[in-house]
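Geometric and topological summary
Read off the chains here:
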Amino acid sequence: MDKQIDETLNIGSEVKLAAATKEHSELLKNVKIGTIGSISQVRKIMKDAPYKFSESIGREKWTGTESGSELDWPAVEAAYREAFNLVLEGGLTDEEYQRVDEDGIEELEKLITRFL
């Protein structure tokens, strides 16, 4: 019955984005069930983000790369955040985003790959 209710609400599997700490419980989020519309939206957002999420975290804009063009790392990270908000039920608040640990980063990368 719960699975049927989840499917009605367009909620899929649960992913763990951060382990429990003294200050916080585990960070668990449900993944939305992929639809043609959501897959299309994610692909549009990610078309200009050819790098992995983990590579973009906390980097500044690079103005002179080997290819001669600039690389706007903050824009790449922002594109990923927008995609995460589309594919995770309730999105990620700023606080949740800051709490995502190394295993959670890997889970988020896998998640976006599933939608691409």
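Residues numbered from 1 in each chain as written. Predicted model: local features only at pLDDT ≥ 70, side-chain atom pairs only at ≥ 80, totals over all residues. Heavy atoms only, no water.

Some thoughts on the side chain of K29
Cut-off, in case you're wondering: Strands are runs of DSSP state E lasting at least 2 residues, helices are runs of H or I lasting at least 4, and numbering of each runs from the N terminus. Whether a residue is buried, partly exposed or exposed follows from its accessible area with a 1.4 Å probe, protein chains only, as a fraction of its type maximum: under 20%, in between, or over 50%, in that order. The term polar contact refers here to a pair of N or O atoms within 3.5 Å; inside protein, the definition further demands a hydrogen-donor-capable atom paired with an acceptor-capable atom, and it admits residues adjacent in sequence only when both atoms are side-chain atoms. Note on contacts: a residue pair is in contact if any heavy atoms of the two residues lie within 4.5 Å.
Relative to the assigned elements, K29 resides in strand β2 (residues 27-32). Taking the relative accessible area as the measure of exposure, K29 reaches 10% and is therefore buried. For K29, the side chain forms a polar contact with the side chain of E96, separated by 3.2 Å. The contact partners of K29, leaving out residues within four places of it in the chain, are S13, E14, V15, L17, L88, E89, G90, G91, L92 and E96.

Looking at the nonpolar core
As a reminder, the rule being used: Buried residues of nine kinds, namely Ala, Val, Leu, Ile, Met, Phe, Trp, Tyr and Cys, make up a nonpolar core once their side-chain atoms join them within 4.5 Å.
Within the largest apolar cluster, 24 residues are counted, with the highest numbers of intra-cluster contacts made by L17, M46, Y80, F84, L88 and L108. Only β1 (11-18), β2, α2 (36-46), α4 (73-87) and α6 (102-115) provide two or more residues apiece to this core. Among the elements that take part in this core, α4 stands out by supplying six residues, more than any other. Sequence-distant contacts of Y80, defined by excluding residues within four places in its chain, comprise M46, A49, Y51, K52, F53, S56 and I112.

With respect to the packing of α2 against α4
Operational definition: Whenever a helix is involved, its axis is fitted only over the stretch in contact; in every case the axis is a line through C-alpha atoms, and angles between N-to-C directions fall within 0 to 180 degrees. Angles are sorted into four bins: roughly parallel if under 35 degrees, roughly antiparallel if over 145, roughly perpendicular if 65 to 115, and oblique for all others. Three residue categories are used. Nonpolar comprises Ala, Val, Leu, Ile, Met, Phe, Trp, Tyr, Cys and Pro, charged comprises Asp, Glu, Lys and Arg, and polar comprises the others, including Gly.
At their nearest, the axes of α2 and α4 sit 9 Å apart, and the two run at 175° to each other. One finds that α2 runs roughly antiparallel with respect to α4. Two secondary-structure elements touch here, α2 through Q41, V42, I45 and M46 and α4 through A79, Y80, E82, A83, L86 and V87. The class makeup of the residues in the contact of α2 with α4 is eight nonpolar, one polar and one charged.

A closer look at α4
Quick note on the threshold: To estimate how far a helix should extend, the number of its residues minus one is multiplied by 1.5 Å. In this context, the arc is that of the directions from the helix axis out to the C-beta atoms.
With 15 residues, α4 extends 21 Å from end C-alpha to end C-alpha; this agrees with the ideal 21 Å at 1.5 Å per step. Residues of α4 that are buried include every one of W73, V76, E77, A79, Y80, A83, F84 and V87, and no others. The buried residues of α4 all sit within an arc of 155° when viewed along its axis, so they share a single face. Where the residues of α4 are buried, they touch β2, α2, α3 (53-56), α5 (94-99) and α6.

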